[in-house]
Amino acid sequence: MTTVLGWDIGGVNTKAARVAGGSGHVLAARAVPYEIQRDPAGLIPLLRHLARDLGGEEGLHAVTMTAELSQLFRTKREGVAFVLDAVVAAFPGADVHVWGVDGRWRTPEEARGDPLAVAANWAATARIVGRSFADCLLLDTGSTTTDVIPIVGGEPVAAGRTDPERLREGELVYTGALRTPAEAIAATVPLDGRPTGVSTEGFALAADVHVWRGQLDPTDYATPTPDGRPGTREFAGERLARVVCADREMLDASAISAIADALWDAQVTRIGDAVERVRARHPGLSRAVVAGLGDFLGAEAARRAGLPVTHFADVLGSAARHAPAAAVALLLAAERAAEARSA
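The following refers to the structure shown.

So, how was this worked out
Residues numbered from 1 in each chain as written. Predicted model: local features only at pLDDT ≥ 70, side-chain atom pairs only at ≥ 80, totals over all residues. Heavy atoms only, no water. Helix = DSSP H or I, 4+ residues; strand = E, 2+ residues; numbered from the N terminus. Rg over C-alpha atoms; globule rule 2.2 N^0.38 Å. Buried < 20%, exposed > 50% of the residue type's maximum accessible area, 1.4 Å probe, protein only. Contact = heavy atoms within 4.5 Å. Lys, Arg positive; Asp, Glu negative; His and termini not counted. Charge placed at Lys NZ, Arg CZ, Asp CG, Glu CD. Pairing = 2+ DSSP bridges. Right-handed = clockwise from strand over helix to strand, strands pointing away.

**Let's talk about the overall build of the protein**
- Summing up its helical and strand segments, the protein has twelve helices and 14 strands in all.
- At 20 Å, the protein has a C-alpha radius of gyration in line with the 20 Å of a compact globule built from 343 residues.
- Burial analysis of the protein (343 residues in total) assigns 55% to the buried set.
- Taking as baseline every contact in the protein between residues at least 6 positions apart, the subset at least 24 positions apart corresponds to 62%.
- Positive and negative charge centroids in the protein, built from 35 and 43 side chains respectively, lie 2 Å apart.

**With respect to the environment of Pro226**
- By the element assignment, Pro226 lies in the loop between helix H7 (206–212) and helix H8 (233–242).
- Distance from Pro226 to Ala204, taken between C-alpha atoms, is 6.2 Å for residues 22 residues apart in sequence.
- Discounting residues that sit within four places of it in the chain, Pro226 has contacts with Gly202, Phe203, Ala204, Leu205, Asp208, Tyr221 and Arg239.

**Some points on the pairing of strand S7 (residues 136–141)**
- Taking burial as the measure, the six residues of S7 include six buried ones, the bulk of the element.
- Here S7 shows a buried face lined by Cys136, Leu138 and Asp140 and a second buried face lined by Leu137, Leu139 and Thr141.
- The turn joining S7 and strand S8 (residues 146–152), which pair antiparallel and follow one another in sequence, is formed by four residues.
- As paired strands, S7 and strand S13 (residues 288–291) are joined by four bridges and run parallel to one another. Looking at the pairing, Asp140 lines up with Ala291 of S13.

**As for the pairing of S13**
- Here S13 shows no split at all, with Ala288 and Val290 on one side and Val289 and Ala291 on the other all buried.
- Pairing between S13 and strand S14 (residues 309–311): three bridges, direction parallel. Bridging across to S14, Ala288 finds its partner in Val309.
- In the classification by handedness, the crossover that spans S13, the intervening helix H10 (residues 295–304) and the parallel S14 is right-handed.

**Considerations on the sheet that holds strand S3 (residues 26–33)**
- Strand order in the open sheet formed by six strands is S3-S2-S1-S4-S5-S6, with mixed pairing between adjacent strands. Every interior strand has two partners, whereas the edge strands, S3 and strand S6 (105–106), have only one.
- As paired strands, strand S1 (residues 3–9) and strand S2 (residues 13–20) are joined by seven bridges and run antiparallel to one another. Opposite Val4, over in S2, you have Val19 as the bridge partner.

**A closer look at the environment of Leu191**
- Within the secondary structure layout, Leu191 lies in strand S11 (residues 188–191).
- The exposure class assigned to Leu191 is partly exposed, which follows from its relative accessible area of 23%.
- Once the C-alpha coordinates of Leu191 and Ser254 are considered, the two residues, 63 residues apart in sequence, prove to be 10 Å apart.
- Excluding anything up to four places from it in sequence, Leu191 contacts Thr196 and Leu251.

If you want it as C-alpha cells, here you go:
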C-alpha cells in the first residue's frame, strides 16, 4: 500500500502525518519541538527519524512549511530553499510535492522559484476542512498563532496570501496556546481586584495560563519554560505570579487564578476581534470549525461571536492537532487516488 507522509515544517515545531494512499485514512501523526534557529543542521536527521518512526520513508512526501520566517534566514526565499534542501537531502530520490497557497502542487525546484506561494500551511488545512464543511470559518490555533480562514463553497477565500497580508486582514493572529508571552496577551491583570501592569521580562507564557486553568496537560507544554523548571501546574503558578513581580509566598491560588483568567479572556477577545473582522466580509458564514492544539481558544472565541462550533478532531481524530501535516498528506493521497481511478 502506497502511503503519503505529510510534513509541516515550522520554525519551532516539525509535524508529520502518515496517510494511507488508497483509503485516505490518517495512520499516524506526530509533532516534535525543534527550533531550527538553534540547530539548523538537526533538520535532516529529524526528518529521517520522524519518517522512520511513522513508517513512511518509502512513500510519497507532501510538504508545507512556516519555518521560512525563522530569524535564521535573512529572507523567506532563503528559508524556503533551506527547508526544501533538507527534505531532498533527507529522502534522496523521493517523490516530493510542495503545496502552494493557490491550491497547486510544485516540485521542490519550482517551489524555490516561487517561495511566497509555498509558505502556506493554513491553505492546506482550509482546503481539507472545506471538503467536510463547505461554508464555515476555520480557526486553527497552534502553539504560536491562530489562523482565521473563511471557507465558502468548500474553497478557502482568504483575503490575504502572504503573512503580512494575512496579519493586515485579521486572518493571522499572533497568539497561540503555548509560546505567546504573557505581556503580549494583556497590558494589565487584576491584583487585589484592581488593574495592575504586567512585567515585560518574559516570566510566563500562554502555556502557563492554560496548564494552570486545566485546558492543557503539562505534557502539552512542548516549549522551553521561561524559568527552565517543569511545565507542571505548580510551576506554572509560580511563573504567573512573576507576571506582577510577585511569588507564591505573596499570592495564593485565587490570585493566580485571577491573573490566569484575565489572560485567558484577553487572548480569546483578541481572537474574537479577528473573527468579527473576517465575518464582516463573509456574513453568511454561520459555523466555526476549530483545530489545533489550542482549539479550545478558537471554540470560545467563536461561541462569543454566536457561532456554533465543530471540532475538527471529530472528523480527523487526534491528527487535528497537527492539521496542516495531515492536510497536505490527505490532499496528495486523494489526488493520486483520483489519478489511479481515471487511468
